[in-house]
Structures are given as structure tokens and as C-alpha cells.
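# Descriptive analysis of the structure
Chain by chain, the residues:
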Amino acid sequence: MIAKLVNVTPPTASEHLAILRDAGLIDSSRAGRTATHELTNVGRVLLDSASPRP
């Protein structure tokens, strides 16, 4: 669960995921009670540009 990984409550994690989804940085899909979140190409480019270069 993402909330446990980042030490926030599930509603807080859900709110942040919605913001990322609305910004086009992640795609989310659901299968039953399981939600999967994946970086979009835009999200990956943004993350890569923010990563320190060796």
C-alpha cells in the first residue's frame, strides 16, 4: 500500500495520487480492490530531469 510506504494516511495518499493523475503524471487502473499506479511518459521525463546526474 502506497500510504504505508510514505507514512501517510490512505485518504492523504489518495488525494495526492488524484493530483498526480489530474496533472497527467500517473495513470491508474483498478482490478477489484487493487489499484495500480504507473508513471506516464510525462511523469517519467519530469522525474528523470529532477534526478541528480553522476
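The structure we're discussing is the one just above.
Residues numbered from 1 in each chain as written. Predicted model: local features only at pLDDT ≥ 70, side-chain atom pairs only at ≥ 80, totals over all residues. Heavy atoms only, no water.

## Topic: the overall build of the chain
Secondary structure summary: the chain contains three helices and two strands in total. Taking the principal axes of the C-alpha coordinates as reference, the chain spans close to 40 × 20 × 15 Å. When the 54 residues of the chain are sorted by exposure, 13% land in the buried category. Considering only intrachain contacts with a sequence separation of at least 6, the fraction spanning at least 24 residues in the chain is 3%. Roughly 4600 Å² of accessible area belongs to the chain as shown, and the carbon and sulfur atoms make up 58% of that amount. Counting 6 positive and 5 negative side-chain charges, the chain places the centres of these two groups 8 Å from one another. (Helix = DSSP H or I, 4+ residues; strand = E, 2+ residues; numbered from the N terminus. Buried < 20%, exposed > 50% of the residue type's maximum accessible area, 1.4 Å probe, protein only. Contact = heavy atoms within 4.5 Å. Areas by Shrake-Rupley, 256 points an atom, 1.4 Å probe, with all protein chains shown as cover. Lys, Arg positive; Asp, Glu negative; His and termini not counted. Charge placed at Lys NZ, Arg CZ, Asp CG, Glu CD.)

## Quick word on unusual backbone geometry
Despite not being glycine, Asn 7 has its phi angle at roughly 60 degrees, a positive value. With respect to the element layout, Asn 7 can be found in the loop between helix 1 (2-6) and helix 2 (10-22). According to the relative accessible area criterion, Asn 7 is exposed, its value standing at 71%.

## Things to note about a nonpolar patch on the surface
There is a patch of nonpolar side chains on the surface, built from Ile 2, Leu 5, Val 6 and Val 8 and spanning about 360 Å² of accessible area. When you line up the elements, Leu 5 lands in helix 1. We classify Leu 5 as exposed; its relative accessible area is 74%. (Patch = residues over 30% accessible without salt bridge, like charges linked within 9 Å, V, L, I, M, F, W, Y side chains within 5 Å. Salt bridge = Lys/Arg side-chain N within 4 Å of Asp/Glu carboxyl O.)

## Describing the side chain of Thr 40
With respect to the helices and strands, the residue Thr 40 is situated in the loop between strand 2 (34-39) and helix 3 (41-50). In this structure the side chain of Thr 40 is engaged in a polar contact, spanning 3.1 Å, whose partner is the backbone nitrogen of Gly 43. For Thr 40, the residues in contact, after removing those within four places along its chain, are Gly 24, Leu 25, Ile 26 and Asp 27. (Polar contact = N/O pair within 3.5 Å; in protein donor to acceptor, adjacent residues only side chain to side chain.)

## Description of the pairing of strand 2
In the sheet, strand 1 (residues 26-31) pairs with strand 2 via six bridges, with the strands oriented antiparallel. Paired with Ala 31 across the strands is Thr 34, a residue of strand 2. Adjacent in sequence and paired antiparallel, strand 1 and strand 2 are bridged by two residues, among which Gly 32 carries a positive phi angle near 65 degrees. (Pairing = 2+ DSSP bridges.)

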